[in-house]
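One-letter residues, chain by chain:
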Amino acid sequence: MWLNKHILQVHISLAGEKHIRISWVTDEKSAPSIVEYGTSPGQYTSSGEGESTSYSYLFYKSGKIHHTVIGPLEHNTVYFYRCGGQGPEFQLKTPPAQFPVTFAVAGDLGQTGWTKSTLDHIDQCKYDVHLLPGDLSYADYMQHRWDTFGELVQPLASAKPWMVTQGNHEKEMIPLFIDAFESYNARWKMPYEESGSTSNLYYSFEVAGVHVIMLGSYTDYDELSDQYSWLKADLLKVDREKTPWLVVLFHVPWYNSNYAHQGEGDGMMAAMEPLLYAAGVDIVFAGHVHAYERSKRVNNGKSDPCGAVHITIGDGGNKEGLAQKYRNPQPEWSLFREASFGHGEFKIVNSTHAFWSWHRNDDDEPVKSDEVWITSLVSSGCLAEKNYESMKILMSP
Ligand SMILES: [Fe+2]
């Protein structure tokens, strides 16, 4: 007999149109990968059965890691659910079908007092989906820290989808013994199969009128790589009538005026920025640098009204502290930069307007430290202008 308290580390993620993946851990091997759910507490009218995995890492053996997709689900609806055929009961809210939709954004979280403060602030915000541009637990080879991180984020991540991509702290490779991203891939399964990718390290999803692409800064990105081919194919599939907003996340920033990690994103930028520019990406979120920075619309290293806004939001609160030193003078493309812990909120109001705000942890939650209205490229005429050129680069073999 296994116990209720052994339903651990519950988090949810979007898994294709109207579906959600529920992930959790049990320390009992016989625990089933069943999720029962319904729209009233304690009344489970539907259920789904999934899969499970586990991994070994030197002397550490993980619990049984369950991933179960449920649906089809109604939009903008609260569901009550339980995992493994027993309590406790959790509840989640599905995202809306249409605008407005709000994303909470925070990278480089870790599990410190600062992290707790960031999560508390996010919890006070009204949002639909959490976006995390890499560096989750800072387990750094100590596998039990993945478990404590799972427990720390469960109150938020069991209630709203957490869509994540990986950073350097997820790599945890030991040559000849442990492959890169083994723990991350086992625990944080994202909808890569649902989006035609062959790797959990890059994928895309759609929510309300937004197409979101998650890329991997630490997997091959050159023109001959699988990730590059997949990105081109995914960008070609984007229908701006259905999803007027196009958003991209990855870990290592391309536009960064902090001394920390200076230039580390240059290789990926050289390979992939032409694709993002051709497709008309509206906004890029990155992490890695433990500070906040927002750019103008940029391309090829300088401001460009038809490029993407780049935001570095690696200030979630990890144990390494803040990246305090900036290069001077501030580059012309950089509009706001500050080394403080915090999180961002990206509220897309309609097909043309979105409101971005950055919330510093030291302030009361209602205080916004940086805020700006962003208009979509769809509404600007940029996409129509560069349509022919963009099709050439995206269609090229
Ligand atoms: Fe990082």
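Residues numbered from 1 in each chain as written. Predicted model: local features only at pLDDT ≥ 70, side-chain atom pairs only at ≥ 80, totals over all residues.

**Q** Explanation requested: the overall build of the protein in the structure shown.
**A** The secondary structure content of the protein amounts to seven helices and 24 strands. Since a compact globule built from 397 residues should have a radius of gyration of about 21 Å, the 20 Å found for the protein is in line with a globular shape. Judged by the C-alpha coordinates and their principal axes, the protein covers about 65 × 45 × 40 Å. Looking at the protein as a whole, 50% of its 397 residues are labelled buried. (Helix = DSSP H or I, 4+ residues; strand = E, 2+ residues; numbered from the N terminus. Rg over C-alpha atoms; globule rule 2.2 N^0.38 Å. Buried ≥ 20, exposed ≤ 12 C-beta atoms within 10 Å, placed from the backbone.)

**Q** It is not clear to me how the UniProt feature "domain: Calcineurin-like phosphoesterase" (unreviewed entry) in the protein should be interpreted in this structure. Could you clarify?
**A** According to UniProt, the positions carrying the feature "domain: Calcineurin-like phosphoesterase" (unreviewed entry) are residues 102–292. Segment residues 102–292 splits into 30% helix and 17% strand. End C-alpha atoms: 19 Å apart. (UniProt positions renumbered as here; feature names shortened; annotations may be inferred.)

**Q** Which parts of the structure should I look at to understand the domain arrangement of the protein?
**A** For an interface, size is often stated in terms of accessible area lost upon the parts coming together. As assigned here, the protein comprises domain 1 (4–93) and domain 2 (101–395). Summarising the inter-unit geometry, the C-alpha centres of domain 1 and domain 2 are found 26 Å apart. Between domain 1 and domain 2, the residue contacts involve 24 residues of the former and 25 residues of the latter. Of all the secondary structure elements, the ones that give two or more residues to the side of domain 1 that touches domain 2 are β1 (8–14), β2 (20–26), β8 (64–70) and β10 (90–93). The element that contributes the greatest number of residues to the side of domain 1 that touches domain 2 is β1, accounting for seven residues. Of the residues belonging to the side of domain 1 that touches domain 2, the class tally is 13 nonpolar, nine polar and two charged. (Domains from an automatic or database assignment. Contact = placed C-beta atoms within 7 Å. Nonpolar A, V, L, I, M, F, W, Y, C, P; charged D, E, K, R; others polar.)

**Q** Can you help me understand the sheet that holds strand β24 (residues 370–375) in this one?
**A** Pairing between the strands of a sheet comes from backbone hydrogen bonds, and it takes one of two forms, parallel or antiparallel. With respect to topology, six strands assemble into an open sheet ordered β13-β12-β11-β22-β23-β24, the strand pairing being mixed. Of all the strands in the sheet, the pair left with one neighbour each is β13 (162–165) and β24. On average, each strand axis in the sheet is inclined to that of its neighbour by 20°, with strand direction left out of account. Across the sheet, helix α1 (residues 113–124) lies against β11 (101–105), β22 (342–348) and β23 (353–360), angled at about 25° from β22, the strand it touches most. (Pairing = 2+ DSSP bridges. Axes fitted to C-alpha atoms, helices over the stretch in contact; angles between N-to-C directions.)

**Q** Can you walk me through the sheet that holds β1 in this structure?
**A** If you trace the four strands from one edge of the open sheet to the other, you get β1-β2-β8-β5, paired in antiparallel fashion. Each end of this open sheet is capped by a strand with a single partner; those strands are β1 and β5 (51–53). Ignoring strand direction, the axes of neighbouring strands in this sheet form an average angle of 20°.

**Q** Hey, could you run me through the nonpolar core in this one?
**A** Generally speaking, nonpolar side chains in soluble globular proteins are found buried as a group. Residues Ile22, Met163, Met214, Val248 and Phe285 are the most contacted members of the largest nonpolar core, which totals 96 residues. No other element matches helix α5 (residues 266–279), which puts six residues into this core. Inspection of this core shows a minimum of three residues originating in each of domain 1 (4–93) and domain 2 (101–395). Setting aside residues up to four positions removed in sequence, Met214 forms contacts with Met163, Thr165, Met190, Tyr202, Tyr203, Ser204 and Leu249. (Core = buried A, V, L, I, M, F, W, Y, C linked by C-beta atoms within 7 Å.)

**Q** Looking at this structure, I do not really get the UniProt feature "domain: Purple acid phosphatase N-terminal" (unreviewed entry) in the protein. What am I missing?
**A** The UniProt entry lists residues 9–94 under the feature "domain: Purple acid phosphatase N-terminal" (unreviewed entry), expressed in the numbering used here. Split by type, residues 9–94 is 0% helix and 53% strand. Its first and last C-alpha atoms lie 19 Å apart.

**Q** What exactly am I supposed to notice about helix α2 (residues 144–157) here?
**A** Residues spaced three or four apart along an α-helix point in a common direction, a consequence of the helix completing one turn every 3.6 residues. Taking 1.5 Å as the rise per residue, α2 with 14 residues should run 20 Å; its terminal C-alpha atoms sit 19 Å apart, in good agreement. Along its length, α2 shows its largest kink, about 30°, at Glu151, and proline Pro155 lies within four residues downstream of that point. All of the buried residues along α2 are Trp146, Phe149, Gly150, Leu152, Val153 and Ala157. On its buried side, α2 packs onto β1, β2, α1, β13 and α3 (182–187). (Expected span 1.5 Å × (residues − 1). Bend = angle between axes of the 7 residues up to and from the residue.)

**Q** Please clarify how helix α4 (residues 226–237) should be interpreted in this entry.
**A** Along its twelve residues, α4 runs 17 Å from first to last C-alpha, staying within 8% of the 16 Å computed at 1.5 Å per residue. Every buried residue of α4 is accounted for by Gln227, Trp230, Leu231, Lys232, Asp234 and Leu235.

**Q** Whenever I open this one, the packing of α4 against α5 confuses me. Can you help?
**A** Where α4 contacts α5, the axes come no closer than 10 Å and their chain directions differ by 5°. With respect to α5, the axis of α4 lies roughly parallel. Contact with α4, carried on its side by Tyr228, Leu231, Lys232 and Leu235, involves Ala271, Met272, Leu275 and Ala279 of α5 and no other residues of that element. Among the residues forming the contact of α4 with α5, the class breakdown is seven nonpolar, no polar and one charged. (Parallel < 35°, antiparallel > 145°, perpendicular 65-115°, else oblique.)

**Q** I'm lost on the pairing of strand β3 (residues 34–38) in this one. Help?
**A** Looking down a regular strand, the side chains alternate between one sheet face and the other. Alternating residues of β3 divide into Val35 and Tyr37, all buried, and Ile34, Glu36 and Gly38, none buried. The pairing of β3 with strand β4 (residues 46–49) spans four bridges and is antiparallel. Bridged to Val35 within β4 is Gly48. Bridge count for β3 against strand β9 (residues 78–83) is four bridges, and the pairing is antiparallel. By the bridge assignment, Tyr37 is partnered in β9 with Tyr81.

**Q** Please explain the environment of Asp120 as it appears in this structure.
**A** Topologically, Asp120 is positioned in helix α1. A sequence separation of 241 residues divides Asp120 from Asn361, and the C-alpha atoms of the two residues are 9.4 Å apart.

**Q** When you look at the environment of Trp114 in this model, what are you seeing that I'm missing?
**A** Note that Trp114 resides in helix α1. Judged by C-beta crowding, with 21 C-beta atoms within 10 Å, Trp114 ranks as buried. On a C-alpha basis, the gap between Trp114 and Thr375 in space is 32 Å, while along the polypeptide they are 261 residues apart. Apart from residues no more than four positions distant in its own chain, Trp114 is found in contact with Gly317, Phe341 and Asn361.

**Q** Help me understand the pairing of strand β16 (residues 245–249), please; the structure alone is not making it clear to me.
**A** When you tally the buried positions in β16, you get five out of five residues, the bulk of the element. Both faces of β16 are covered, namely the face carrying Trp245, Val247 and Leu249 and the face carrying Leu246 and Val248. What joins strand β15 (residues 210–214) to β16 is α4, and the crossover it makes is right-handed. Here three bridges tie β16 to strand β17 (residues 283–286), and the two strands are oriented parallel to one another. Across the sheet, the residue bridging to Leu249 is Phe285, located in β17. (Right-handed = clockwise from strand over helix to strand, strands pointing away.)

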